[in-house]
Amino acid sequence: MHVESASGIHRARLPTRRAVSEPLEVDGETWWWHNHGEHCLFADQDSDTEIEVNTYCPDEIDPDFLLQYAKSTDRYRDVDTACLEGIHDMARVLDLAAIALTPPHPHVSG
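Quick look at the structure, then. (Residues numbered from 1 in each chain as written. Predicted model: local features only at pLDDT ≥ 70, side-chain atom pairs only at ≥ 80, totals over all residues. Heavy atoms only, no water.)

### A short note on the overall build of the chain
Within the chain, the secondary structure is distributed over three helices and four strands. Taken from N to C terminus, the helices and strands of the chain fall in the order β-β-β-β-α-α-α. Out of the 110 residues in the chain, the part that is buried amounts to 33%. Considering only residue pairs separated by 6 or more positions, the chain has 29% of its internal contacts joining residues 24 or more positions apart. Accessible area for the chain stands at about 7400 Å²; split by element, carbon and sulfur atoms hold 53% of it. (Helix = DSSP H or I, 4+ residues; strand = E, 2+ residues; numbered from the N terminus. Buried < 20%, exposed > 50% of the residue type's maximum accessible area, 1.4 Å probe, protein only. Contact = heavy atoms within 4.5 Å. Areas by Shrake-Rupley, 256 points an atom, 1.4 Å probe, with all protein chains shown as cover.)

Put into structure tokens, the structure is as follows:
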């Protein structure tokens, strides 16, 4: 299932399988969620915002998940612009900020 916003933009990658949740209302916003393995994707159907988390270790920050969130919201356009090399740049930003990453990311070299 794709979530369609009022603008007609399709961004949510939610599949049509049974793993997709019923809508979840939070503070007047409607979110869909898809639990897949140790991750869960939350997608706001009106704003196209996507947040993916590791459900077993929610305090760990995955540079790819964080970058995808920044790309999906209008609030962090500078982050997307600054990360020309994608998750590699986001991993460097987190490293410079002394924020611990998830255990070694397969796409990011030390």
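### Describing the packing of aromatic side chains
This model, assessed by the stated rule, comprises one aromatic pair. Aromatic side chains Tyr-69 and Tyr-76 sit 5.8 Å apart centroid to centroid with 50° between the ring planes, which places their arrangement in the tilted category. Residue class for Tyr-69 comes out buried when judged on its relative accessible area of 18%. For Tyr-76, a relative accessible area of 35% gives the class partly exposed. (Phe/Tyr/Trp six-rings, centres within 6.5 Å; stacked < 30°, edge-to-face > 60°.)

### Details of the side chain of Thr-49
Positionally, Thr-49 belongs in the loop between β3 (39-44) and β4 (50-54). Its relative accessible area of 6% is what places Thr-49 among the buried residues. Here Ser-47 takes part through its side chain, which lies 2.8 Å from a polar atom of the side chain of Thr-49. Sequence-distant contacts of Thr-49, defined by excluding residues within four places in its chain, comprise Trp-31, Phe-42, Ala-43, Asp-44, Tyr-69, Ser-72 and Thr-73. (Polar contact = N/O pair within 3.5 Å; in protein donor to acceptor, adjacent residues only side chain to side chain.)

### Examining a negative patch on the surface
Taken together, the side chains of Glu-25, Asp-27, Glu-29 and Asp-46 make up a negatively charged region of the molecular surface. Residue position: Glu-25 is located in strand β1 (residues 24-26). Exposure remark for Glu-25: the relative accessible area of 52% places this residue in the exposed category. (Patch = residues over 30% accessible without salt bridge, like charges linked within 9 Å, V, L, I, M, F, W, Y side chains within 5 Å. Salt bridge = Lys/Arg side-chain N within 4 Å of Asp/Glu carboxyl O. Lys, Arg positive; Asp, Glu negative; His and termini not counted. Charge placed at Lys NZ, Arg CZ, Asp CG, Glu CD.)

### Notes on helix α1 (residues 63-72)
Turning to α1, its buried residues are Pro-63, Phe-65, Leu-67, Tyr-69, Ala-70 and Ser-72. Looking at the buried positions of α1, the neighbouring elements they touch are β3, β4, α2 (77-82) and α3 (87-96).

### Structural notes on the nonpolar core
Core analysis: the largest hydrophobic core is formed by five residues, namely Leu-67, Cys-83, Ile-87, Met-90 and Leu-94. Of the residues forming this core, the biggest block, three residues, is contributed by α3. (Core = buried A, V, L, I, M, F, W, Y, C linked by side-chain atoms within 4.5 Å.)

### Things to note about the pattern of salt bridges
With the rule as written, the count across this model stands at three salt bridges. Across the pair Arg-77 and Asp-74 runs a salt bridge, and its minimum N-O distance is 3.1 Å. Accessibility classification places Arg-77 together with Asp-74 in one group, the exposed group. Asp-89 serves as the salt-bridge partner of Arg-92, at 2.4 Å between the closest nitrogen and oxygen. Of the two residues, Arg-92 and Asp-89 both sit in helix α3, three residues apart, roughly one turn of that helix. Of the residues examined, Arg-92 reaches a relative accessible area of 44% and is grouped as partly exposed.

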